[in-house]
2 protein chains.
Amino acid sequence: MSHPSTEPQPLPLLGGPPPERRDAARNRERLLDAATELVERCGPRGVTMDAVATAAGVGKGTVFRRFQSREGLMAAVLDHSETEWQAQVLSGPPPLGPGADPWDRLLAFGRTRLETTILHAELIREADRSGGSAGGALAFATAHVRHLLTQLGVEGNLTILSTALLAPLLLPLREQQVDLEQFPVDRVYEGWVDLARRVTRRP
Amino acid sequence: MSHPSTEPQPLPLLGGPPPERRDAARNRERLLDAATELVERCGPRGVTMDAVATAAGVGKGTVFRRFQSREGLMAAVLDHSETEWQAQVLSGPPPLGPGADPWDRLLAFGRTRLETTILHAELIREADRSGGSAGGALAFATAHVRHLLTQLGVEGNLTILSTALLAPLLLPLREQQVDLEQFPVDRVYEGWVDLARRVTRRP
């Protein structure tokens with residue numbers, strides 16, 4: 001099933017990408033949305049190149065052309081989800097985005113980070129196994145926590161304190177999965193809020 | 001250079017390993033000690049199978065027979081160091097070993113863990129790259145911190161609090177090396193003690 005556009009094509013902006021580039025970008029976006037939905041519904045193992053092609057209404061060849069391999073597609077899905085979450089943190093609505101009290105932002109950060117990590121646990125593990133690095137994502141999250149700790153007036157070695165606050169939101173799914181995956185998300189979140197209170201010395 | 005033993009050979013104990021097994025174990029120990037010393041003196045990249053053979057006074061073939069490859073030798077060195085540190089924690093002298101106040105044991109744990117991680121940073125990275133897992137080492141460290149937190153009367157989700165306390169002693173060398181390796185160990189330790197005070201709600 002193809003979706004020929006019936007909207008009038010806007011004139012290309014001076015210096016903007018040519019129309020075929022924009023089509024390619026739109027196609028890519030559509031494939032990623034379809035793949036993300038499949039991951040969330042069936043888990044990454046249920047996602048084949050065929051299933052993504054069918055869900056996005058394109059040929060399987062198109063999916064391979066864009067992402068080379070299933071591994072490439074999964075890495076792109078993870079990256080896509082990470083980028084969207086970062087956009088919400090930087091400019092989405094409060095309390096995750098700007099404008100809320102820094103403590104409320106910290107709580108929203110912890111909750112959404114935990115949920116995203118759990119949702120994409122298998123993808124993160126696959127990326128780890130294939131040597132992909134979560135270095136960029138980690139750097140963003142550390143910098144954001146550091147920023148909120150500064151706004152909360154916390155003093156000390158903020159790199160170490162941020163690392164400590166982030167670890168339980170990331171590590172369990174890589175190295176302590178046996179232990180922590182048995183906890184429901186609410187219980188992990190509750191434990192993390194207690195940690196955040198301790199680190200920021202709140203009563 | 002070989003070291004023929006001039007000591008009288010003890011009679012094999014009933015049910016104990018036969019003499020040639022004990023010789024093999026002693027040989028292995030001697031090679032590991034030589035390799036560990038070389039790692040500490042020259043860094044892992046300076047350690048060749050040749051250098052280890054020379055330092056231990058055996059032929060290069062012996063080193064290859066025992067450890068298969070340079071990678072195998074490095075993994076054995078890391079494992080050896082980890083096992084020795086765990087033995088110190090479990091039954092070495094206080095304050096790292098049993099008998100000291102739990103807060104003092106926690107501080108000694110943090111300090112020695114940090115030093116060991118820094119000393120073996122390159123080995124840990126090599127092991128990570130070759131897919132070796134630090135899962136066992138992490139489980140030991142988490143269980144020990146959990147135990148000390150219990151003794152300190154800390155209540156809450158101790159798995160999450162232990163993960164937070166451990167992270168800055170492990171992670172920096174994997175994922176934040178650029179940032180944290182510029183800090184001298186005393187400064188990282190000082191920041192970690194502050195974290196430990198916050199997590200245990202000490203003034």
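Residues numbered from 1 in each chain as written. Chains lettered and ligands numbered in written order. Predicted model: local features only at pLDDT ≥ 70, side-chain atom pairs only at ≥ 80, totals over all residues. Heavy atoms only, no water.

Let's talk about the overall build of chain A
The line we're drawing: What counts as a helix is a DSSP run of H or I of at least four residues, what counts as a strand is a run of E of at least two, and both are numbered from the N terminus. For every residue, the accessible area obtained with a 1.4 Å probe (protein chains only) is divided by the maximum for its type, and the residue is called buried under 20%, exposed over 50%, and partly exposed between those limits. It only takes one pair of heavy atoms within 4.5 Å for two residues to be counted as in contact. A 1.4 Å probe and the Shrake-Rupley method give the accessible areas. Residues count as covered only by the protein chains that appear here.
For chain A, the count of helices and strands is 10 helices and zero strands. When the helices and strands of chain A are read in sequence order from the N terminus, they spell out α-α-α-α-α-α-α-α-α-α. A total of 203 residues make up chain A; the buried ones form 45% of that total. A separation of at least 24 residues holds for 66% of the contacts in chain A among residues at least 6 apart in sequence. Accessible surface, chain A: about 10700 Å² in total, of which carbon and sulfur atoms supply 54%.

Digging into the interface of chain A and chain B
Selection criterion: Summed over both partners, the accessible area lost on bringing two parts together, with a 1.4 Å probe, is the buried area. Counting of polar contacts relies on pairs of N or O atoms within 3.5 Å, with two restrictions inside protein: one atom must be capable of donating a hydrogen and the other of accepting it, and residues adjacent in sequence are counted only when both atoms are side-chain atoms.
Across the contact, 32 residues belong to chain A and 32 residues belong to chain B. For the pairing of chain A and chain B, the buried interface totals around 2700 Å² over both sides, and the portion due to carbon and sulfur atoms is 60%. Taken together, the links from chain A to chain B amount to six residue pairs in polar contact (both at pLDDT 80 or more). Put simply, the parts of the chain that give the side of chain A that touches chain B at least two residues each are α7 (135–151), α8 (158–170), α9 (177–180) and α10 (185–199) of chain A.

Some words on the relation of the copies chain A and chain B
So the rule is basically this: What sets the superposition is a least-squares fit of C-alpha atoms, and only residues with pLDDT of at least 70 in both copies go into it.
The transform that puts chain A on chain B rotates by 180° and translates by 0.0 Å along the axis, for an RMSD of 0.1 Å. The symmetry that links the two subunits is that of a two-fold axis. Of the C-alpha atoms belonging to chain A, the one lying closest to the rotation axis is found on A:Ala164, 2.1 Å away. Taken together, the interface assignments show that 100% of the residues at the interface of chain A recur at the interface of chain B, consistent with an identical surface on both copies.

A word on the packing of aromatic side chains
Test applied: By convention, a stacked pair of Phe, Tyr or Trp rings (six-membered ring in the case of Trp) has centres within 6.5 Å and planes under 30 degrees apart, an edge-to-face pair has planes over 60 apart, and any other such pair is tilted.
According to the stated counting rule, one finds four aromatic pairs over all chains in the structure shown. Ring centres of B:Trp85 and B:Phe109 lie 5.5 Å apart, and the angle between their planes is 50°; on these two criteria the pair is classed as tilted. Highlighted residues: B:Trp85 in helix α4 (residues 70–91) and B:Phe109 in helix α5 (residues 102–119), separated in sequence by 24 residues. Taking the relative accessible area as the measure of exposure, B:Trp85 reaches 6% and is therefore buried. Overall, B:Phe109 belongs to the buried group, its relative accessible area being 0%. A centroid spacing of 6.0 Å and a plane angle of 75° characterise the contact between B:Trp85 and B:Phe140, whose relative ring orientation is edge-to-face. Remark: B:Phe140 occurs in helix α7 (residues 135–151) and B:Trp85 occurs in helix α4; sequence separation between them is 55 residues. We note that B:Trp85, like B:Phe140, is buried. Clustering of aromatic rings is evident, with ring pairs tying together A:Trp85, A:Phe109 and A:Phe140.

Looking at helix α11 (residues 185–199) of chain B
Residue and element names in this part refer to chain B. Put simply, the test is: The span expected for a helix works out to 1.5 Å for each residue beyond the first.
Across its 15 residues, α11 extends 21 Å between first and last C-alpha, which sits within 8% of the 21 Å expected from 1.5 Å per residue. Listing the buried residues of α11 in full gives Val-188, Tyr-189, Gly-191, Trp-192, Val-193, Leu-195, Ala-196, Arg-198 and Val-199. Following α11 by one or two positions, Arg-201 has its phi on the positive side, about 55°.

A few points about the side chain of B:Thr159
For B:Thr159, the position within the fold is in helix α8 (residues 158–170). A polar side-chain atom of B:Thr159 sits 2.4 Å from a polar atom in the side chain of B:Arg146.

A short note on the UniProt feature "DNA-binding region" (unreviewed entry) in chain A
Just so we agree on the cut-off: UniProt positions are given in the numbering used here, feature names are shortened, and annotations may be inferred rather than shown by experiment.
The UniProt record annotates "DNA-binding region" (unreviewed entry) at residues 48–67 of chain A. Structurally, residues 48–67 of chain A is divided into 80% helix and 0% strand, and its ends, taken at the C-alpha atoms, are 12 Å apart.

Some points on the pattern of salt bridges
Residue and element names in this part refer to chain A. For the record, the criterion: By convention in these notes, a salt bridge is any Lys or Arg side-chain nitrogen within 4 Å of a carboxyl oxygen on Asp or Glu.
Applying the stated criterion across every chain yields a total of 14 salt bridges over all chains. Across the pair Arg-113 and Glu-82 runs a salt bridge, and its minimum N-O distance is 3.1 Å. Note that Arg-113 is positioned in helix α5 (residues 102–119) and Glu-82 in helix α4 (residues 70–91), a separation of 31 residues in sequence. Relative accessible area serves as the criterion here: at 5%, Arg-113 is assigned to the buried category. Glu-82 sits in the buried class, given a relative accessible area of 12%. A salt bridge links Arg-111 to Asp-186; its shortest N-O distance comes to 3.0 Å. With a gap of 75 residues between them, Arg-111 in helix α5 and Asp-186 in helix α10 connect regions that are remote in the sequence. Accessibility expressed as a relative area gives 22% for Arg-111, which makes it partly exposed. Assessed through its relative accessible area of 49%, Asp-186 is described here as partly exposed. By sharing partners, the salt bridges in this structure join Arg-111, Glu-115 and Asp-186 into a single network.

As for the packing of α5(B) against α8(B)
Residues and elements named next belong to chain B. Keep this limit in mind: Axis lines are fitted to C-alpha atoms, over the contacting stretch for helices. Their N-to-C directions set the angle, which ranges from 0 to 180 degrees. Note on residue categories: nonpolar means Ala, Val, Leu, Ile, Met, Phe, Trp, Tyr, Cys or Pro, charged means Asp, Glu, Lys or Arg, and polar means any other residue, Gly included.
In contact at an axis separation of 9 Å, α5 and α8 are set at 35° when each is read in the N-to-C sense. For the pair α5 and α8, the contacting residues are Phe-109, Gly-110, Arg-113, Leu-114 and Thr-117 in the first and Leu-166, Pro-168, Leu-169 and Leu-170 in the second. Residue composition of the contact of α5 with α8, grouped by class: six nonpolar, two polar and one charged.

Digging into the packing of α8(B) against α11(B)
Residue and element names in this part refer to chain B. To be explicit about the condition: Roughly parallel refers to an angle under 35 degrees, roughly antiparallel to one over 145, roughly perpendicular to one between 65 and 115, and oblique to any angle outside these ranges.
At a minimum axis distance of 10 Å, the contact between α8 and α11 shows a crossing angle of 175°. Considering the angle they form, α8 stands roughly antiparallel to α11. Contact with α8, carried on its side by Leu-161, Ala-164, Leu-165, Pro-168 and Leu-169, involves Trp-192, Leu-195, Ala-196 and Val-199 of α11 and no other residues of that element. Across the contact of α8 with α11, the residue classes tally to nine nonpolar, no polar and no charged.

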